[in-house]
Structure formats: structure tokens, C-alpha cells
Amino acid sequence: SGIDRLVDLIRNYHPYGEQYYWILYYTYLSPKKPECTDEILELLADQGFVVPRRTYYRKRKEAVDTLAVLVWQKKEMWAMEQ
């Protein structure tokens, strides 16, 4: 999907891309939704990203904000193509 491609862009090109990718994946995109924040934190730790709960919430917001910028840019590109 389009969101998956944008998340991959973040993963490959943003300085915190790999961490943002896993945060977005486990929080919103995983077919098996974690049941709580603690489970997400455990899954992130399994990927090598040990983060405190407060840091997770801050990084989640940053990851979503980054994704929103890409979605907005893509929307503007589509509008220009019309």
C-alpha cells in the first residue's frame, strides 16, 4: 500500500528511520496488534531498541509526524498531476 511505501522511505532515509519503522509497525501496521504499550516496548527491545515508556511516546509522535509530512507531500504531488 501507499502507507507501507512511505514507511519504507522513512526506514531507509530518515536518521532514526529504523527505529521509527518499528515503532510505526508495531503500533499501527502489524497484522497481530500488540495488546498494550508494554508489549510494544518488548517487541522494540527484540529489534534492538530499548526505550523507556516516555521515550516511546515521544518517538511515536515524531514517527507519526514524519509520516504525516510524507503523506502531505505525496498529496500535493497528486494534486499537481491532476
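Preceding block: the structure.
In what follows, the accompanying structure is described. Residues take numbers from 1 onward in each chain, read along the sequence in its written order. Local features in this predicted model are restricted to residues whose pLDDT is 70 or higher, and side-chain atom pairs enter the listing and the counts only when it is 80 or higher, whereas totals over whole chains, interfaces and linings include all residues. Hydrogens and water molecules were not included; the side-chain quantities draw on all heavy atoms of the structure.

**Some thoughts on the nonpolar core**
Logical step 1: With 18 residues, the main nonpolar core has I10, W22, L24, L44, Y56 and L67 as its most contacted residues.
Logical step 2: Strands are runs of DSSP state E lasting at least two residues, helices are runs of H or I lasting at least four, and both sets are numbered from the N terminus onward. When residues of this core are traced back to their parent elements, those giving at least two are α1 (2-13), α2 (17-29), α3 (37-46) and α4 (53-81).
Logical step 3: What W22 contacts, discounting residues up to four positions off in sequence, is R11, L44, Q47 and F49. As used here, the term nonpolar core means buried Ala, Val, Leu, Ile, Met, Phe, Trp, Tyr and Cys residues forming a set that is joined through side-chain atoms within 4.5 Å. Burial here depends on accessible area, computed with a 1.4 Å probe over protein chains only, as a share of the maximum for the residue type. Under 20% is buried, over 50% is exposed, and the range in between is partly exposed. Residues count as neighbours in contact if any of their non-hydrogen atoms are within 4.5 Å of one another.

**Looking at α2**
Logical step 1: In this scheme, a helix's expected span is set at 1.5 Å multiplied by one less than its residue total. In this model α2 runs just 15 Å from its N-terminal to its C-terminal C-alpha over 13 residues, more than 12% under the 18 Å that 1.5 Å per residue would give.
Logical step 2: Here α2 has its buried residues at G17, Q19, Y20, Y21, W22, I23, L24, Y26 and T27.

**Focus: the pattern of salt bridges**
Logical step 1: Only one rule defines a salt bridge in this text: a Lys or Arg side-chain nitrogen within 4 Å of an Asp or Glu carboxyl oxygen. Using the criterion set out here, one finds five salt bridges in the structure.
Logical step 2: Two residues, E39 and K32, come together in a salt bridge whose shortest N-O distance is 3.6 Å.
Logical step 3: Here E39 falls in the partly exposed class, since its relative accessible area comes to 21%.
Logical step 4: The partner of K61 in a salt bridge is D65, and the shortest N-O contact between them spans 2.7 Å.

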